[in-house]
Protein chains: 2
Amino acid sequence: MTTVIALDGMGGDGAPAIVLEGAERILSGKKDIHFLIFGDEKTLKSAVEPHPLLKKNAEICHAGQAVTNFTKPSVALRQAAASGMGLAIKSVADGRASAVVSAGNTGAYMALSKMFLKTIEGVHRPAIAKIMPTALGRSVVLDLGANAECDVTNLVQFGVMGSVLAEYSGIYKQNQSPLVGLLNIGSEASKGLIQLQQTAEILEKHVNFYGFVEGNDITKGTTDVVVTDGFSGNIALKAIEGTAHLIKLFLKESLSKYTSGKIGYMIARKSFKDLAARMDPRLYNGAILLGLRGIAVKSHGGTDAIGYAEAIKVAIELATEHKNPVDETATLSFNHTIEERIAKLSLL
Amino acid sequence: MTTVIALDGMGGDGAPAIVLEGAERILSGKKDIHFLIFGDEKTLKSAVEPHPLLKKNAEICHAGQAVTNFTKPSVALRQAAASGMGLAIKSVADGRASAVVSAGNTGAYMALSKMFLKTIEGVHRPAIAKIMPTALGRSVVLDLGANAECDVTNLVQFGVMGSVLAEYSGIYKQNQSPLVGLLNIGSEASKGLIQLQQTAEILEKHVNFYGFVEGNDITKGTTDVVVTDGFSGNIALKAIEGTAHLIKLFLKESLSKYTSGKIGYMIARKSFKDLAARMDPRLYNGAILLGLRGIAVKSHGGTDAIGYAEAIKVAIELATEHKNPVDETATLSFNHTIEERIAKLSLL
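Computed from a predicted structure; not experimentally measured.

Further remarks concern the nonpolar core. If you look at the biggest cluster of nonpolar residues, it comprises 211 residues, and the most contacted ones within it are Leu7 and Phe35 of chain A together with Leu7 and Phe35 of chain B. The contact partners of Phe35 of chain B, leaving out residues within four places of it in the chain, are Ile5, Leu7, Ala23, Ile26, Leu27, Leu54, Asn57, Ala58, Glu59 and Ile312 of chain B. Membership of the second largest hydrophobic core comes to 14 residues, among which are Leu275 of chain A together with Phe250, Leu251 and Leu275 of chain B.

Below is the structure:
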């Protein structure tokens, strides 16, 4: 069966070129994908020319307006039905596409997704989640910035939704439910934060709850899911990215400081390539807007075609019906599973 | 003039051995330091034996009780006058020592420091600050966990105190006041957080304010000082430490994966040593309890003698009167400068 993916053709720093190149890459690997690409028809038609597979497997859908990085969510909402981003999301709501990908403005993307896709029954607030590399494999981290401030219900729901995302992404240990941790700091003072205590008590009943984790547990891979508010999550994510940059810089500087370092680098090039691939942020591109009645994936705005293709892969993966690896009783769609779990939550 | 430094002889995972080894290291470099070492007299007397310089330049002060990693701050306060940690801090309050260093329990250390040293006139809440490596040099980051929740006044005061710490540590660009950034997330939602907006408006008037910074700006070195609440600061700090660990692991794994990697590593060993030295967390050991009427430095509990010696160096540095590099009108003590700046703050 062909999976239809909607793309915001004009979103992101390198749009539309990287969007189209990314989609072409996907087509060269998988044959059963069809794209709906939204944006300025003239621009897209000429930009699609160099991509033979895309020309055959994509439909260009005209949108007169574009959401830029500077468009406020409120303005994006007013222009919703005219922008490429808005129409791409709407195509999922209308059932024309199974998922949408955009590398555009995150705030506008979330606002438009809430408007067109609606939140899943019972979900108070959607979250942004990402799958990140750890010492033990991968972990789901959320929220990464959709909700700067969160209450107990938000955090509990993030734990439940994050757990479903981990299941669907194969992130769990030994056939158990994904292990969920709640981000906190070690000191007595914070453990006293009533909100986190309450969240922990409720999560204990609904997910495979590990307890509190600290900032270093994210990359350590202590748990399969790390739950936090959007403020702390965004800061942690960017601190991790920044540190990776810093160490890359230090490594380069140290290697080029001595002739022996330069020679050693040349000889060990295969290892450095291996390292670069493992740390390549493009391979972890594609954040998921969780809690919506449709699959919406956010690509990093500054990524290239390789990174954009990864975001499309995330969308395809989630749009595909899975046999739930933990509860094998049924083949369920990703969002259906979230809806069921959220419903259970409110029963107790 | 001899500077007297008080040490909590029993605090930290490797105490008293690493405390004494660290102090001995300091004495082998500087001659004008005298130590007061607090803890169980019998234990300390036998542990000090292998350290000839310390035997001459340290006084062992008996304390019958010890604050452990599991001692609650409230209990530590009750046993204050009997524990090594408490008595070490008290010796600064009594004017016997110029600064205190402990590798013990952070919560208890802060509680006891507040009790014995008192907070500086006008300071609402002391903070924990650290000097961290960045792509451009070093930056001061605070609060790192003393205050999980902060109001506008707390954050403004952290900005002012952090700025003074940066000045005294030589962290500023081109003879200007240290550039201060306020940690935030990029999204519209958070920029709306009234508290951060208000903090930014006030900081603008009192420090060389850069504006909002994000998680990746910490290691980028965008500003000389990064201000945030203790919850986000602690998470950022630990996320940075965790990422450094992860990349070190990835680097090792990639290098040992191929024979060429192993050979290249051997050849480039000098460069890898250089990298290890630059990233060595021991060289950044020594967090500062800011806002107290006395210098109190917190060593990481799990560090070794090299790291402990760095924490002592931080204490000595701050206990020494400086010519203020920015405002050269007077030679002021570190805490006197903080007191003056905090006083100015309340005038406006």
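For the rest of this paragraph, the subject is the relation of the copies chain A and chain B. Turning one copy of the chain about an axis and sliding it along that axis gives the other copy, so a rotation and a shift relate them. If you rotate chain A by 180° and push it 0.0 Å along the axis, it lands on chain B with an RMSD of 0.0 Å. Taken together, the rotation and translation relating the two chain copies correspond to the operation of a two-fold axis. Residue Gly264 of chain A, judged by its C-alpha, is the member of chain A lying nearest the rotation axis, at 1.9 Å. Interface overlap between copies is the fraction of interface residues in one copy that are interface residues in the other; for chain A against chain B it reaches 100%, indicating a shared surface.

This part is about the side chain of Asn285 of chain A. Residue and element names in this part refer to chain A. Of note, Asn285 is situated in the loop between helix 13 (269-279) and strand 10 (287-290). The class for Asn285 is buried, based on a relative accessible area of 6%. Residues within four places of Asn285 in sequence aside, it is in contact with Ser299, His300, Thr303, Gly307, Tyr308, Glu310, Ala311 and Val314.

A surface patch of nonpolar side chains, amounting to about 700 Å² of accessible area, comprises Ile263, Tyr265, Met266 and Ile267 of chain A together with Ile263, Tyr265, Met266 and Ile267 of chain B. Elements with a minimum of two residues in the nonpolar patch: helix 12 (259-267) of chain A together with helix 12 (259-267) of chain B. Within the element layout of this structure, Tyr265 of chain B appears in helix 12.

Within the secondary structure, Phe250 of chain B sits in helix 11 (residues 230-257). Residue classification places Phe250 of chain B among the buried residues on the basis of a relative accessible area of 4%. Expressed as a C-alpha distance, the spacing of Phe250 of chain B and Met110 of chain B, which sit 140 residues apart in the sequence, is 36 Å. Ignoring any residue separated from it by four or fewer positions in sequence, one finds Phe250 of chain B in contact with Thr134, Leu275, Arg278 and Met279 of chain A.

All names here are of chain A. Pairing is mixed in the open sheet, where 11 strands are placed in the order 3-2-1-4-11-10-5-6-9-7-8. In this open sheet, the two strands that pair with only one neighbour each are strand 3 (58-62) and strand 8 (208-213). Going across the sheet, the axis of each strand differs from the next one's by a mean of 25°, ignoring polarity.

All names here are of chain A. Under the defined criterion, the tally for this structure stands at four aromatic pairs over all chains. Centre to centre, the rings of Tyr168 and Phe334 are 5.3 Å apart; their planes meet at 75°, and the pair counts as edge-to-face. With Tyr168 in helix 7 (residues 152-168) and Phe334 in helix 15 (residues 334-347), the pair connects residues that are 166 residues apart, well separated along the chain. What makes Phe334 buried here is its relative accessible area of 2%. Seen in terms of ring centroids, Tyr265 and Phe272 are 4.9 Å apart; in terms of plane orientation they differ by 45°. Their pairing is tilted.

All names here are of chain A. Mean pLDDT for chain A: 92, with 95% of residues reaching 70 or above. For chain A, the element scoring lowest by mean pLDDT is helix 8 (residues 188-191), at 54; strand 9 (residues 225-227) scores highest, at 98. Here the complex is predicted with pTM 0.92, and the ipTM for its interfaces comes to 0.92.

So, on to the sheet that holds strand 1 (residues 3-8) of chain B. Residues and elements named next belong to chain B. As summarised here, the arrangement of the 11 strands in space is 3-2-1-4-11-10-5-6-9-7-8, forming an open sheet in which the pairing is mixed. A single partner strand is all that each edge strand has here, and the edge strands are strand 3 (58-62) and strand 8 (208-213). Mean inter-strand twist for the sheet, computed between neighbouring axes without regard to direction, equals 25°. By the bridge criterion, three bridges tie strand 5 (residues 127-134) to strand 10 (residues 287-290) in an arrangement that is antiparallel. Directly across from Ala127, in strand 10, lies its bridge partner Leu290. Its contacts with the sheet place helix 9 (residues 194-206) against strand 7 (179-183) and strand 8, and it is angled at close to 160° to strand 8.

All names here are of chain A. For chain A, the assigned domains read domain 1 (1-120 + 291-325) and domain 2 (124-284). Domain 1 and domain 2 are separated by 26 Å when their C-alpha centres are compared. Roughly 1,300 Å² of surface becomes buried between domain 1 and domain 2 when both sides are summed, with 66% attributable to carbon and sulfur atoms. At the boundary of domain 1 with domain 2, the tally comes to one salt bridge. Between Arg282 and Asp304 there is a salt bridge, with the nearest N and O atoms lying 2.6 Å from each other. Across the contact surface, domain 1 and domain 2 share one residue pair in polar contact (both at pLDDT 80 or more). For the side of domain 1 that touches domain 2, the secondary-structure elements that each account for two or more residues are helix 6 (106-117) and helix 14 (305-319). Counting residues per element, the side of domain 1 that touches domain 2 draws most heavily on helix 14, which supplies five residues. A class-by-class count of the residues in the side of domain 1 that touches domain 2 yields five nonpolar, seven polar and four charged.

All names here are of chain B. Position of Leu345 relative to the elements: it lies in helix 15 (residues 334-347). The spatial distance from the C-alpha of Leu345 to the C-alpha of Leu290 is 16 Å, given a sequence separation of 55 residues. Beyond its immediate stretch of four places on either side in the chain, Leu345 contacts Val156, Gln157, Val160 and His206.

Bringing unusual backbone geometry into the picture now. Of note, the bond from Ala15 of chain B into Pro16 of chain B is cis; its omega dihedral lies within 30 degrees of zero at 0°. In this structure, Pro16 of chain B sits in the loop between strand 1 and helix 1 (17-29). A cis geometry characterises the amide bond from Leu142 of chain B onward to Asp143 of chain B, with omega recorded as -5°. Mapped onto the elements of the fold, Asp143 of chain B is located in the loop between strand 6 (137-142) and helix 7 (152-168). The phi dihedral of Lys118 of chain A is positive, around 70°, even though this residue is not glycine. Here Lys118 of chain A is to be found in the loop between helix 6 and strand 5 (127-134).

Interfaces are often sized by the accessible area lost when the parts come together. Taken together, the 55 residues of chain A in the interface contact 56 residues of chain B. Across the chain A to chain B interface the summed buried area is about 5,000 Å²; carbon plus sulfur atoms make up 71%. If you sort the residues of chain A by the area they bury against chain B, Ile185, Phe231 and Phe250 of chain A come out on top, with a joint share of 12%. Summed over the shared surface of chain A and chain B, the result is six salt bridges. One salt bridge in this structure joins Glu214 of chain A and Lys238 of chain B, with 2.3 Å as the shortest N-O distance. At the surface where chain A touches chain B, the tally comes to 16 residue pairs in polar contact (both at pLDDT 80 or more). Those elements that provide at least two residues to the side of chain A that touches chain B are strand 5, helix 8, helix 11 (230-257), helix 12 and helix 13 of chain A. No other element matches helix 11 of chain A, which puts 21 residues into the side of chain A that touches chain B.

Rules used in this analysis
Residues numbered from 1 in each chain as written. Chains lettered and ligands numbered in written order. Predicted model: local features only at pLDDT ≥ 70, side-chain atom pairs only at ≥ 80, totals over all residues. Heavy atoms only, no water. Core = buried A, V, L, I, M, F, W, Y, C linked by side-chain atoms within 4.5 Å. Buried < 20%, exposed > 50% of the residue type's maximum accessible area, 1.4 Å probe, protein only. Contact = heavy atoms within 4.5 Å. Least-squares fit on C-alpha atoms with pLDDT ≥ 70 in both. Helix = DSSP H or I, 4+ residues; strand = E, 2+ residues; numbered from the N terminus. Patch = residues over 30% accessible without salt bridge, like charges linked within 9 Å, V, L, I, M, F, W, Y side chains within 5 Å. Areas by Shrake-Rupley, 256 points an atom, 1.4 Å probe, with all protein chains shown as cover. Salt bridge = Lys/Arg side-chain N within 4 Å of Asp/Glu carboxyl O. Pairing = 2+ DSSP bridges. Axes fitted to C-alpha atoms, helices over the stretch in contact; angles between N-to-C directions. Phe/Tyr/Trp six-rings, centres within 6.5 Å; stacked < 30°, edge-to-face > 60°. pLDDT = per-residue confidence, 0-100. Domains from an automatic or database assignment. Buried area = accessible area lost by both parts, 1.4 Å probe. Polar contact = N/O pair within 3.5 Å; in protein donor to acceptor, adjacent residues only side chain to side chain. Nonpolar A, V, L, I, M, F, W, Y, C, P; charged D, E, K, R; others polar.

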